[in-house]
Each structure stands twice: as C-alpha cells, then as structure tokens.
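In case you want the letters, here they are:
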Amino acid sequence: MTESIWKAKASNAKAISLSEDIEVEVAIVGGGITGITTAYLLAEEGIQVAVLESMDVGGGTTAGSTGNLYTMVDNRLHHIQSKFNDKTARKVAESRTTAINLIEDLIKKYAIDCSFKRQPWVLYSETGEEETIKTTKDTLEKFGLEVQDITSTSLPFNIKSGIRVENQAQFNPAAFVAGLAQKVDQNYCSIYENSPVHHIEKGSLHVLHTPTAKVRAKKVVLATHSPKGIYGLQMAIFPHREYALAARLRSGDYPEGIFWSAESKTHPSLRTYETEEGKFLITVGYHHKVGQADENKDYFGDLEKNLKRHYDVDTVAYKWSAQHYKSSDGLPYIGESTDDNIFVATGFSTDGLTYGVVSALIFRDLFTGKENNWAEIYKAKRFTPLKSAKSFIKENLNVLGEYLKDYPGNADAEMFSEVKAGEGKIVEIKNEKWAVHRSDDGTLCAASAVCTHMECIVNWNNEEKTWDCPCHGSRFKPTGEVIEGPAFSPLDKRSINPEK
Ligand SMILES: Cc1cc2nc3c(=O)[nH]c(=O)nc-3n(C[C@H](O)[C@H](O)[C@H](O)COP(=O)(O)OP(=O)(O)OC[C@H]3O[C@@H](n4cnc5c(N)ncnc54)[C@H](O)[C@@H]3O)c2cc1C
C-alpha cells in the first residue's frame, strides 16, 4: 500500500473547508507540523489566525517522515560548526532540544495519543569510519550532549564503531499534528481542510484566494514546506525524494531507538513503531533529486532488499515516499521573505519535524515583538555566498541542465499510441511538449509539460505515477493538478482530439 504508516494510524483532525470570506491577523498556509504548531502558539498569544490546508491536516510531508526527534542534524552539527561557528552550532542544538521538549510537553498536557517515546539515537559504522564517528562525538559533546561509545547495538549485525545519545524521541507525527489541531484555541484560530490557496494578492492586507472564498490577512506564513510562488531562496533549497517502508518480521527482534548508518551513501535509517496490531520495522533512505530518478532503479525494491540483508521480513505492509529540501548552507530558512509580511519556513532537510516547531517558536516571538535567540541564524533573508557556494553552484548548474533539455525533438515519444496503460510520456506536438498519461482503463489525458512554477519541463515519475519538476520540486497528478512544491497552478490542460 503506498500510504504512510503514520497517516494510516492517525485519526483525522476533522476540520471543515473554507466557505465564506474572512479576515484574520495571520493566515497560515499549510497544516503540517510547522503550520499547526505555529497556529497553536499564536492562538495562545491571543492572535487571530486561520490555517488553510489544501488536503488533510498533518497529511503532507509530516506524514511522510520517519517520526524521529533528535537534537543532532542530518548533515551533522560539525558541518554547521565549521561553515559558521561554535555559536551558531550551539544555537542549532539549543533550539532543536527546546522544540523536542515543547512537543513532549504538549503531548503530556493534552494526552495526545501519538506513541511518543524517549529513545536513544545511535550512529554506527559496519566498516570503520572512526573519523566520522569521532568528529560527530566531539561536536555533540561540545554542544552539551552526553555521548557514549558503543561496540554493539540491538541491530542483528556487528558494528565496528558507534556512538549513542540518550533522551532523543520518536512518535507518530501525523497523530501528533491531528491531535494538536484539535487543541488549538478555537476562539482565536480556525483550521480549514480541503482549502487550497491558489493565489496570493500581495498588498498592505494580503488576500489569499481559495476556490470557494478569500482570506484577508496582515501577515501570511507559508508553512507549505517549500514556499508557494517564486522566491529567490528557491535557488538555495534543493528538493529530494526519499523512500520508506514499514515491514513485519517473521522472526527476530525489533530494534529500539533511532539508528543511522555513518557510511552508506543511501544512508537508510531504522526504527520500530508499535501499534495495537503489533510492531513494524521502518526503514527510510535511497534519496535522489526530484524529477531526476534513475529509470533503471527500483528504489522501493532496493530499500526492501537492503532490509532483507539483515532481517527476516514477512510482509511489507506500508510503503511511501516523501520530499525534503536541503539548504545550500546547511541551515533552514525561517522568517520574513523578500515580500513584506510574508513569512517562510523551509530548507529543513530531513530534520523538519523539529525545525518546524523551531519555526513556530520563532514566528510566535516575531509576531509578539519578543526577543528570539535563534531568529538571526535562521533568518530567511540571509545570504551566505561563501558558505553556500559549492552546493549552490553545483545544484543550480544541475537546474540549468534541466532547462537546457527543453530543445526541439527531445521528447519520450512521437505518438500518443506509444504511451501504454499506466504510463506517462512527454510527447512533442507542434514544437510544444505535452505531458501525456494513459490511465489503466486506457483513457488518455494531456497537459502542457511546462511546470507552472518556473517553466522547466516535468518528467514522469513511474514509481509514484506523477509528473515531477526536476528544477524546484513541484509535483503534479497524472492529470496535472498540483500535489506539492512551489507551483500554485495545475499543468495547463490540452485536449486530445483526435488521438494522434
Ligand atoms: C523520507 C523523509 C523522512 C523524514 N524523517 C524525518 C524525521 O524523522 N525527523 C524529522 O525531524 N524530519 C524528518 N523529515 C523532514 C520532515 O518530515 C519535514 O521537514 C516536515 O514534516 C515539514 O513539515 P511542514 O509542516 O513544514 O511541511 P508539510 O508537512 O509538508 O506540510 C505542508 C502542508 O502544506 C499544505 N499545502 C501545500 N500547498 C498548499 C496550498 N497551496 N494551500 C494550502 N495548503 C497547502 C500541504 O498539503 C501540507 O499539508 C523527513 C522527510 C522525509 C522526506
């Protein structure tokens, strides 16, 4: 089943959709962990807020994650320390620890049923990698964490070296967000599901358009993972897709903790999730740039094969994939955008359950005029050319390469008949590239293949049956409607009549 285990096991927030025009102080677009925690904290301060969620609360990337909460970061704290300085790395550690503690406090306060558990975080190496392990240890200790050297784990294979940090955490992120949404003070905040914002009219009072009604707001928070619309910082965040599966074991023990491998390029992580139906072993990894999947690879299959190297897998009960945005200098972008009173929270890499809550704390302080110790290091308008140069140049050359592929004749097929049931292909019609899909029942549909965000040509994602933009990560249904990413508008429909 290509649905995340978190979504399957979480109850719905049961919000209505927007049916009439309203005016609020802050409009939050997106009801993931960032949007809902921000709404909760702002409502607590007596600020009038509305959340507009295009689908289900907590059902976006939050439900596509691994559900781990940890102070350390995916690309390691020592990289932040060496790119920036000790002070910045310390603030990252401090802000992330504060966010995890807030999540725990909220879960306890409202008895949110989301399987929250304090757990150790383990970084291990099967082949050595002493240097990486040692540097990680030294940095974590420097920034206040207690680190233990280990020579074995509860994983069913030998390790050469490793470290362990107690008191990190795991939960079901979709259940947390849906649970918190129900506890937001309704005197100050309304949450709307199935209410996609398709246009923002910018002004002294911003006007957010949904298909059914409008919201006027002094401030807008784009808690949409990647900010909607065109922003310069989209050149500094790089979209990747990553794969996950939840398996039941025939025999053997389910490991307790957050397990990261130090050496593997595909760095699959491991964790266990216990439900009323029993335990599941979750593994996540094998990322690639959005819209640039290797056609010869079976990412889910490879993930499963890797799991089976060490585990006696009975069934794969759930599999899903999700998107993350790596920032060019390793820190997320949180704060006011280049548009007045429009705020963004993005570039979280795979650390955004915690960074989403850090963002909420920053927005609360910014909007209530309080000093915030971390706002400066994360601010969205920062420009760090030296720290970003290597990845900035590499990634934007990659984007340029994708634009250059839009030359005449570079298409997947010449005839609609070449598009088989269940497939999507780019077909060139009178010098225009069309994204053509044939459904399983044989019906053809077509749209312009030009991404409505910044006009890159989309590619067919055969694993997930979607059109994915290789430049900035917008994704569209086979019929062209927006799924995620910075694009606001669907692919432009084309009519197929008669069939070529
Ligand atoms: C495979 C994977 C594993 C990960 N594991 C972890 C982990 O273990 N720990 C961790 O800390 N982080 C992890 N992350 C990162 C983390 O999941 C994300 O950074 C985080 O969930 C982002 O939350 P968000 O609320 O900002 O975005 P989302 O959860 O994506 O929420 C954005 C919401 O905006 C809505 N939206 C979009 N456009 C519109 C619109 N036009 N109108 C209205 N609503 C709109 C979407 O429907 C969505 O619900 C992982 C990421 C991936 C890809």
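Residues numbered from 1 in each chain as written. Predicted model: local features only at pLDDT ≥ 70, side-chain atom pairs only at ≥ 80, totals over all residues. Heavy atoms only, no water.

Identification of the protein as FAD-dependent oxidoreductase from Autumnicola lenta is taken from an unreviewed UniProt entry.

Each pocket or cavity is described by its volume, and for the second largest pocket that value is around 770 Å³. Along the wall of the second largest pocket there are 30 residues; nearest its centre are Ala293, Glu295, Asp412, Asn459 and Trp460. Of all the secondary structure elements, the ones that give two or more residues to the lining of the second largest pocket are β11 (237-251), β18 (424-429) and β21 (459-461). Along the lines of polarity and charge, the residues of the lining of the second largest pocket split into 9 nonpolar, 8 polar and 13 charged. (1 Å grid on protein atoms, 1.4 Å probe; cavity = no way out; pocket = protein on both sides within 12 Å on 5 of 7 lines; lining within 4 Å. Points joined across faces, edges and corners; volume = space filled by probe spheres on them. Helix = DSSP H or I, 4+ residues; strand = E, 2+ residues; numbered from the N terminus. Nonpolar A, V, L, I, M, F, W, Y, C, P; charged D, E, K, R; others polar.)

Tracing the backbone through its elements, the reader meets alanine 178 in helix α6 (residues 173-181). Given a relative accessible area of 3%, alanine 178 falls into the buried group. In sequence terms alanine 178 and aspartate 329 are 151 residues apart; their C-alpha atoms lie 32 Å from each other. When residues no more than four places from it in sequence are discounted, the contact partners of alanine 178 are Ser11, Asn12, Ala13 and Val57. (Buried < 20%, exposed > 50% of the residue type's maximum accessible area, 1.4 Å probe, protein only. Contact = heavy atoms within 4.5 Å.)

Of all hydrophobic cores here, the largest spans 89 residues; its most connected members are Ile5, Ile28, Val92, Trp121, Phe171, Phe176 and Tyr378. The next biggest cluster of nonpolar side chains, apart from the first, holds 25 residues, and it includes Leu18, Ala27, Ala217 and Tyr325. (Core = buried A, V, L, I, M, F, W, Y, C linked by side-chain atoms within 4.5 Å.)

Below, the discussion takes up the pattern of salt bridges. All chains considered together, the criterion is met by 33 salt bridges. One salt bridge connects glutamate 44 with lysine 109, and the closest N-O pair in it is separated by 4.0 Å. With a gap of 65 residues between them, glutamate 44 in helix α2 (residues 33-44) and lysine 109 in helix α4 (residues 86-110) connect regions that are remote in the sequence. Residue class for glutamate 44 comes out partly exposed when judged on its relative accessible area of 46%. Between arginine 164 and glutamate 166 there is a salt bridge whose closest N-O contact spans 2.6 Å. Residues joined in a network through salt bridges with shared partners are Arg241, Glu464, Asp468, Arg475 and Glu484. (Salt bridge = Lys/Arg side-chain N within 4 Å of Asp/Glu carboxyl O.)

This next bit is on the packing of α2 against helix α8 (residues 352-368). Where α2 meets α8, the closest approach of the two axes is 8 Å, and the angle between their N-to-C directions is 35°. In this structure, α2 crosses over α8, and the sense of that crossing is right-handed. Contacts from Ile33, Thr34, Thr37, Thr38, Leu41 and Leu42 in α2 reach Gly352, Leu353, Gly356, Val357, Ser359, Ala360, Leu361, Phe363, Arg364 and Phe367 in α8. Looking at side-chain class alone, the contact of α2 with α8 contains 9 nonpolar, 6 polar and 1 charged residues. (Axes fitted to C-alpha atoms, helices over the stretch in contact; angles between N-to-C directions. Left-handed = near helix turned anticlockwise from the far one by under 90°.)

Take the packing of α2 against α6 next. At a closest axis distance of 10 Å, the pairing of α2 and α6 adopts a crossing angle of 30°. As summarised for this structure, α2 and α6 are arranged roughly parallel, according to the angle between their axes. Taken as a pair, α2 and α6 cross one another with a handedness that is left-handed. Two secondary-structure elements touch here, α2 through Ile33, Ile36, Thr37 and Tyr40 and α6 through Phe176, Val177, Leu180 and Ala181. A breakdown of the residues in the contact of α2 with α6 according to their chemical character gives 7 nonpolar, 1 polar and no charged. (Parallel < 35°, antiparallel > 145°, perpendicular 65-115°, else oblique.)

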